[in-house]
Amino acid sequence: MTLLRRLTVSFVLGFAALPASAETFITVASTTSTENSGLFGHILPIFKEKTGIEVRVIAQGTGQALETARRGDADVVFVHARGQEEKFVAEGWGVQRFDVMYNDFILVGPAEDPAKTKAAATAAEAFKAVAASGAKFASRGDDSGTHVAEKKLWESAGITAEGQPWYLSTGSGMGATLNTAAQVPAYALADRGTWLSFENRGPLEITFEGDKVLFNPYGVILVNKEKHPHVKVTEGQAFVDWLISAEGQAAIAEYKINGQQLFFPSAAK
Amino acid sequence: MSGDCLLRAENIGFEARGVALLRGVSFEVRAGRRLVILGPNGAGKSLLLRICHGLIAPSQGRVVRAGEGVRAARQAMVFQRPVMLRRSVRANLDHALALQGLSGPDRKARCEAALERFGLMPLAGRGARLLSGGEQQRLALARAWATRPDLLILDEPTSALDPASTRLIEDSLLQFSAEGMALVMTTHDLGQARRLGEEVIFLDRGQILETTPAPAFFSAPVSREARGYLAGELLW
Amino acid sequence: MSDTAIITAFSLIAEADPALVQVIGLSLRVSLSAIVLACLIALPLGAALALSRFPGRGGVIVICNALMGLPPVVAGLLIYLLLSRSGPLGSLELLFTPAAMIAAQTVLVVPIILSLTRSMIEELWGEYEEQLRSLGSGRLRAVPTLLWDGRVGLLTGILAGFGRASAEVGAVLIVGGNIAGHTRTMTTAITLETNRGNLAMAVALGIILLSIVLGLNALAFGLTQWSRRRMG
């Protein structure tokens, strides 16, 4: 029945649908930062080599990625907004959250640093300096993990940034936001992975980094089959297990751009 | 006055927006006869022909065709300006025959016969719309002929043509007639009416004023309107 | 920058980079399938709309014309909600597959081809009606005749549809997911490269996409010119 229906549909919708089901694959809803940084291009072939499972990554903002999983359109989520992830699991959408790795956020801005953020001691101080100087700030504004982290930083600095004339909400991915920031130019909060692989930097450089609050942890969650019975539990679990295994962790650590490591393994041993 | 009645118009009336364009028009077309409908512009000639061919439904009266249902008399129509498909001469003929429900080999045989008869063979592969006006009207005649009609209706078939093309068309029509085809046509060319008409209907403001054998009509028109119409010609 | 883009474009083509070939192949496969499907739907429907008379016909025409401006993202979202596991057609497992992208592009292209077919056939029928009816053709029988005789104009409409389908990014991104090696098309790859800040690569892909569309248009133009010269 299902086969017949699928054949009919693939006949109607063109020849494209059949090969889609020909091999084992899982769908992973992840973030633009992991995709744009090239991490998946490095680790997925290793995983496929070992297990024969193809991982299809949909790169979205964290909020959208979790929504995709909630709708049952992904088997695994691999994102970086701890609070939202925990809520996702608590609501029963996900089975369990595992720490996988972290990278850190950095503040980038024009090289001449009009807000003097290079002199700041903490991230909150740097954000205060940006607000006080009136220099422009480009925000993702897309409910992504990076955006959530940025909102927290404004909060800790005691500033309502949204709605300010110098606050540009781009409503787009990390790369698009960096493109905007390079053009304006403006300050922006970026994840180090995207920044390192980003080529259109223009006048931008890192103006603040290293505060512990900029720590950006990534978690992986298998979607709960009780909510969506079609979730590919075996294959999805295999991917989760591999990511937090010694082999997967090594693969993550090994990924470098220009000799710089982008992500640091953090799975509990 | 021989032959079966192929088509009979019975008390045809036509109204558009409250204006009567045809009133009480009745006449017959018999097999093998040539009928010419004359009358000034706006008399309703073209409308009457379209009603006779079933393109327009009359408001009153009806058109009765011979042997309807069993062996319907076949009818074809040629317009003042033929509309050709954006295809080759041969494909235009083939399309018309396909609409008659003919099979492939039959269509092919008839196409070739029509191309041959109307001297269109050298043009067979050309785009029909790229032909001259005279050639297109010849093709229109070939297309009508190929469907083997018993009755051919022609609405001013030569009014847009030069004398040489007109001559070719008239010769063809006389041949059709000799082969037993009935003709009903309108024209403003009184010379043509004399050459082709066996019988004349004079139509004025939607009404038939005279139905007369052609020689009688031209020598002694009865109605004042017809006399005026013919006199108009004398002024030229 | 643009120099690097052009050099990048040529070296990509020269190397016949397998990933690039795959992306181009998928783009063409998706857009061409969508066009074929859209034609199968829109040509007969457009002709039927042109030749039929029914109450509310004007409204249908206005809606079709308006749908030509349907934002791709909205079309994508509709298909997404339909094909999502939580949607009515979720069990077909079509989301994030090329089939879903074909469906989205078809939805975008159908109104274009339908509207152009409708106006084109209506005009042609005005010209042909009396002649065709005098030859014994009814409206239904006239449909293939009119479609064939309108082929030159229809081809232009179909090309416009192909342009919209192949240039479109919002809808295929949503329903395809831009999965590397699986649902990544020229346009979603361009978006990705832009987001990576790899503008030279993005422009290079843009140049290739433009060349393909240009080539197809040149081909169609030549075909219509030839057809006009031959058949008027």
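Treat the numbers as computed from the prediction; the structure is a model and nothing was measured.

A. Representation of the pairing of strand β4 (residues 94-110) of chain A within the structure. Residues and elements named next belong to chain A. Burial within β4 is extensive, with 12 of its 17 residues counted as buried. By the bridge criterion, 8 bridges tie β4 to strand β9 (residues 215-223) in an arrangement that is antiparallel. Looking at β9, one finds that D99 is bridged to G219. The pairing of β4 with strand β12 (residues 264-265) spans 2 bridges and is antiparallel. Looking across to β12, one finds that Y102 is bridged to F264. Taken together, the 4 bridges between β4 and strand β7 (residues 187-191) define a ladder with antiparallel strand orientation. Considered in β7, the bridge of L107 is made with L189. One ladder, built from 4 bridges, connects β4 with strand β8 (residues 204-208); its direction is antiparallel.

B. Molecular detail of the pattern of salt bridges. Within the structure shown, the criterion is met by 39 salt bridges over all chains. For E54(A), the salt bridge identified is with R56(A), shortest N-O distance 3.2 Å. Pair check on accessibility: E54(A) and R56(A) agree, each one buried. Among the salt bridges present, the one from E179(B) reaches R117(B), with a minimum N-O distance of 3.0 Å. With E179(B) in the loop between α5 (163-178) and β7 (182-186) and R117(B) in helix α3 (residues 104-117), this pair connects stretches of sequence that are 62 residues apart. Residue classification places R117(B) among the partly exposed positions, given a relative accessible area of 28%. It is possible to trace a salt-bridge network through shared partners that takes in R82(A), E85(A), E86(A), R97(A) and D99(A).

C. Highlighting the interface of chain A and chain C. On the chain C side, the residues contacting the 31 residues of chain A number 33 residues. Counting the surface lost from both chain A and chain C, the interface buries some 2700 Å², and carbon and sulfur atoms represent 56% of this. In this assembly, chain A and chain C are joined by 1 salt bridge. Between R184(C) and E35(A) there is a salt bridge whose closest N-O contact spans 2.6 Å. Counting across the interface, chain A meets chain C through 14 residue pairs in polar contact (both at pLDDT 80 or more). Only α1 (2-12), α2 (17-20), α3 (32-36), β2 (54-60), α5 (62-70) and α9 (174-183) of chain A provide two or more residues apiece to the side of chain A that touches chain C. Of the residues forming the side of chain A that touches chain C, the biggest block, 5 residues, is contributed by β2(A). Looking at the side of chain A that touches chain C residue by residue, the class counts come to 12 nonpolar, 10 polar and 9 charged.

Thresholds, definitions, all that
- Residues numbered from 1 in each chain as written.
- Chains lettered and ligands numbered in written order.
- Predicted model: local features only at pLDDT ≥ 70, side-chain atom pairs only at ≥ 80, totals over all residues.
- Heavy atoms only, no water.
- Buried < 20%, exposed > 50% of the residue type's maximum accessible area, 1.4 Å probe, protein only.
- Helix = DSSP H or I, 4+ residues; strand = E, 2+ residues; numbered from the N terminus.
- Pairing = 2+ DSSP bridges.
- Salt bridge = Lys/Arg side-chain N within 4 Å of Asp/Glu carboxyl O.
- Contact = heavy atoms within 4.5 Å.
- Buried area = accessible area lost by both parts, 1.4 Å probe.
- Polar contact = N/O pair within 3.5 Å; in protein donor to acceptor, adjacent residues only side chain to side chain.
- Nonpolar A, V, L, I, M, F, W, Y, C, P; charged D, E, K, R; others polar.

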